[in-house]
Structures are given as structure tokens and as C-alpha cells.
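Chain residues, written in single-letter form:
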Amino acid sequence: MSKFGLYIKTQQESFQHINLVEMPSVTQAEAYFAGVKKLTLKEFRKLFIVKEIQNNDKQILYGNR
């Protein structure tokens, strides 16, 4: 499963996610978030964007510990 983030559509380049969910596909994530917001998919897509979040689990090395 992949992680998907919910974002508000804005004119700004830098924005942060509002919510995260793990779902098999972006369409299922959109349907989930639309249900949470109590909006139809059409209304939801006018206001929000759902993007896959890359999993950057970089381990920090602590030398000789």
C-alpha cells in the first residue's frame, strides 16, 4: 500500500499536507478523503489535491554505536 496526502489547491508552490492515509490507489484515497469531507468527487477535486507521498526512510548512521 502507498501513502497519500491531502492538499488544498493553492497558488503557492510550498504547501503541506492536511491528512495522510494508506490506500492501494490514488482513486481510492480520493474517495476516502471525499467521504471524510462529505463532498462529491467533483466538489472535492475543485478544492483538494491527493498526491502519493514518497517514503524516504533514510537511516541515520551513528558511527560506532
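Preceding block: the structure.
One structure accompanies this document, and this report is about it. (Residues numbered from 1 in each chain as written. Predicted model: local features only at pLDDT ≥ 70, side-chain atom pairs only at ≥ 80, totals over all residues. Heavy atoms only, no water.)

As a further point, take the pattern of salt bridges. All chains considered together, the criterion is met by 1 salt bridge. Between Arg 45 and Glu 30 there is a salt bridge, and its shortest N-O distance comes to 2.8 Å. Placement of the pair is Arg 45 in helix α2 (residues 41-47) and Glu 30 in helix α1 (residues 26-37), with a sequence separation of 15 residues. The exposure class of Arg 45 is partly exposed, given its relative accessible area of 40%. (Salt bridge = Lys/Arg side-chain N within 4 Å of Asp/Glu carboxyl O. Helix = DSSP H or I, 4+ residues; strand = E, 2+ residues; numbered from the N terminus. Buried < 20%, exposed > 50% of the residue type's maximum accessible area, 1.4 Å probe, protein only.)

One finds Phe 4, Leu 6, Val 21, Met 23, Ala 29, Phe 33, Ala 34, Phe 44, Phe 48 and Val 50 forming the largest nonpolar core, which totals 10 residues. Not counting residues up to four positions away in its chain, the partners in contact with Leu 6 are His 17, Ile 18, Asn 19, Phe 33, Lys 37, Phe 44, Phe 48, Ile 49 and Val 50. (Core = buried A, V, L, I, M, F, W, Y, C linked by side-chain atoms within 4.5 Å. Contact = heavy atoms within 4.5 Å.)

The next point concerns α1. Taking 1.5 Å per residue as the helical rise, α1 with its 12 residues ought to reach 16 Å, and the 16 Å between its terminal C-alpha atoms agrees with that figure. On its buried face, α1 is in contact with β1 (2-8), β2 (19-23), α2 and β3 (48-53). (Expected span 1.5 Å × (residues − 1).)

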